[in-house]
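Each chain is listed here by its residues.
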Amino acid sequence: VLLVEADFPESPPEGIKFGSIMANKFLHHLNRSERIRFLKWSIGILEPNGVLEILDTDLEYHILEQSKQPGFGDKLTVGYRETLVEIEKDFTNTLKSDVEATGFRITHFDCRDYFDETDAFSQNPGDNLSFKFSGLEIVAEKLV
């Protein structure tokens with residue numbers, strides 16, 4: 001195992017190609033144009049047949065949408081809403097399309113709907129908030 005410091009997009013690794021990149025619950029923090037830049041950056045630093053693995057959710061999209069409803073936004077942890085990046089409603093499908101459009105071949109795609117009740121985003125412990133959201137897995141290979 002070789003640990004390499006790399007910073008998207010300013011400081012790609014020099015003289016090194018990677019066999020795999022894992023983007024774990026990261027891409028929903030980027031607006032779509034930044035995600036496309038990340039995908040292009042990734043394909044550029046992967047070796048032929050390298051793999052990009054993505055695990056993500058659109059949970060924060062749903063939190064933003066629900067926070068527009070009376071009473072819900074007031075229950076969120078103070079300042080949390082302002083930390084969220086607005087992503088498109090159809091995040092899971094646009095991400096899949098963007099991965100393919102960048103030049104990757106998707107070898108695995110799974111998207112499921114989830115329901116959760118938690119106080120993790122609530123100002124008050126024990127004051128559960130309900131969320132419906134989608135989670136996705138993508139495994140994509142860089143074509144030779």
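Residues numbered from 1 in each chain as written. Predicted model: local features only at pLDDT ≥ 70, side-chain atom pairs only at ≥ 80, totals over all residues. Heavy atoms only, no water.

### Notes on the layout of surface pockets
So, step 1. Empty space within the largest pocket amounts to approximately 210 Å³.
So, step 2. Lining the largest pocket are Val4, Ala6, Phe8, Phe18, Ser20, Ile21, Met22, Ala23, Phe26, Phe38, Trp41 and Ile45.
So, step 3. It is strand E1 (residues 18-24) that provides the largest number of residues to the lining of the largest pocket, a total of 5 residues.
So, step 4. Of the residues contributing to the lining of the largest pocket, the split by class is 11 nonpolar, 1 polar and no charged. (1 Å grid on protein atoms, 1.4 Å probe; cavity = no way out; pocket = protein on both sides within 12 Å on 5 of 7 lines; lining within 4 Å. Points joined across faces, edges and corners; volume = space filled by probe spheres on them. Helix = DSSP H or I, 4+ residues; strand = E, 2+ residues; numbered from the N terminus. Nonpolar A, V, L, I, M, F, W, Y, C, P; charged D, E, K, R; others polar.)

### A short note on the environment of phenylalanine 115
So, step 1. Inspection of the secondary structure assignment puts phenylalanine 115 in strand E3 (residues 104-118).
So, step 2. In the structure, phenylalanine 115 is positioned 79 residues away from isoleucine 36 in sequence and 28 Å away in space, judged by C-alpha atoms.
So, step 3. The residues touching phenylalanine 115, leaving out its near neighbours within four places in the chain, are Ser130, Phe131 and Lys132. (Contact = heavy atoms within 4.5 Å.)

### Focus: the side chain of serine 67
So, step 1. Its location among the elements puts serine 67 in the loop between helix H2 (59-66) and helix H3 (72-75).
So, step 2. Other than its neighbours up to four places away in sequence, serine 67 contacts Phe72, Gly73, Leu76 and Arg81.

### Considering the pairing of strand E4 (residues 129-142)
So, step 1. Of all the 14 residues making up E4, 10 are buried; the element is thus mostly covered by neighbouring parts of the structure.
So, step 2. Where E3 and E4 come together, 14 bridges link them in antiparallel fashion. Paired with isoleucine 106 across the bridge in E4 is alanine 140. (Buried < 20%, exposed > 50% of the residue type's maximum accessible area, 1.4 Å probe, protein only. Pairing = 2+ DSSP bridges.)

### Side note on the nonpolar core
The nonpolar side chains of a soluble globular protein tend to be buried, and buried together.
So, step 1. Counting 23 residues, the largest nonpolar core has Phe38, Ile54, Leu95, Val99 and Ile138 as the members making the most contacts within it.
So, step 2. When residues of this core are traced back to their parent elements, those giving at least two are E1, helix H1 (32-45), strand E2 (46-57), helix H4 (91-102), E3 and E4.
So, step 3. Top element by residues in this core is H1. It accounts for 5 residues.
So, step 4. Aside from chain neighbours lying at most four places away, what touches leucine 95 is Leu27, Arg35, Ile54, Leu136 and Ile138.
So, step 5. Counting residues in hydrophobic clusters, the runner-up holds 11 residues, among them Phe72, Leu76, Leu129 and Phe131. (Core = buried A, V, L, I, M, F, W, Y, C linked by side-chain atoms within 4.5 Å.)

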